[in-house]
Amino acid sequence: MADLTHFDLLPIRMDPQSKAIEATTSSRALAAELEQLNSLHRALLSLETPMGVPPPPVPVNPKRTANVTKLRDNGNAEYRKGRYAEAVKLYTLGLQMALTRPLWEPTTLVREEAAGLLANRAQAHMALQNWPEGAVDAESSVELRIMGNAKAWWRRGKCLMEMARLDEARNWVKRALEVEGEEADLVALLKEVEARIEKAKVAA
């Protein structure tokens, strides 16, 4: 049974103008929790439903979905034109919009949108030879959608290889093959990684 006599006094205060709850210490964990709370509060205040009650989780706001899709498509267009830095910016804006959906909307939708945008941004980073950034984005995409995301698996493996993190790259691609099956690009990448490992052994 919970101890009803225990009480923790948190170091927080309410801003009298914005009504936002703020931490009075530099605790990152507390700040992150309060940011979620304040985001929910702002979302509830912006509702135009009767009595300010959140709507059902579906259907979602079509305007936000359309804007996320538009930013992704515009990013793809910039990528095809070779304007990779602009593509990165557009994918980032799309991510920000997807990740700030109201908390009552389906998390599966957020994960799907974010996974695709992260995989695309990873590709744009790779075109700029920003291998660490590409690796992080591709891994984040896989964490959001493990299966049916072979491109993101491949992109992280490629980034790791280009950073000469060959053992990590081999382990990553082997894991990808276990999840995605004998996907041709992943099979080819594994052969390339193993060839580089053998070459490095000979050079040593």
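Look up a bit, the structure's there.
Read on for an overview of the structure. Quantities reported herein were computed from a predicted structural model and do not represent experimental measurements. (Residues numbered from 1 in each chain as written. Predicted model: local features only at pLDDT ≥ 70, side-chain atom pairs only at ≥ 80, totals over all residues. Heavy atoms only, no water.)

## Comments concerning the overall build of the chain
What the chain contains, in helices and strands, is 8 helices and 2 strands. Counting from the amino terminus, the chain carries its helices and strands in the arrangement β-β-α-α-α-α-α-α-α-α. Considering only C-alpha atoms, the chain reaches an extent of 65 × 45 × 30 Å along its principal axes. Classification of the 204 residues of the chain by burial places 33% in the buried group. When contacts within the chain are restricted to residue pairs at least 6 apart in sequence, those whose partners lie at least 24 apart make up 50%. In the form shown here, the chain has an accessible surface area of approximately 13,100 Å², with 57% of it arising from carbon and sulfur atoms. Each charge class in the chain was averaged separately, 28 positive and 28 negative side chains, and the resulting centres sit 5 Å apart. (Helix = DSSP H or I, 4+ residues; strand = E, 2+ residues; numbered from the N terminus. Buried < 20%, exposed > 50% of the residue type's maximum accessible area, 1.4 Å probe, protein only. Contact = heavy atoms within 4.5 Å. Areas by Shrake-Rupley, 256 points an atom, 1.4 Å probe, with all protein chains shown as cover. Lys, Arg positive; Asp, Glu negative; His and termini not counted. Charge placed at Lys NZ, Arg CZ, Asp CG, Glu CD.)

## Some thoughts on unusual backbone geometry
A positive phi angle is found at lysine 19, which is not glycine, with a value near 65 degrees. Its place among the elements puts lysine 19 in the loop between strand 1 (12-14) and strand 2 (21-23). With relative accessibility at 41%, the residue lysine 19 sits in the partly exposed group. Of note in the backbone geometry, glutamine 129 takes a positive phi value of approximately 60 degrees without being a glycine.

Geometric descriptors of this kind do not, in isolation, establish any biological role.
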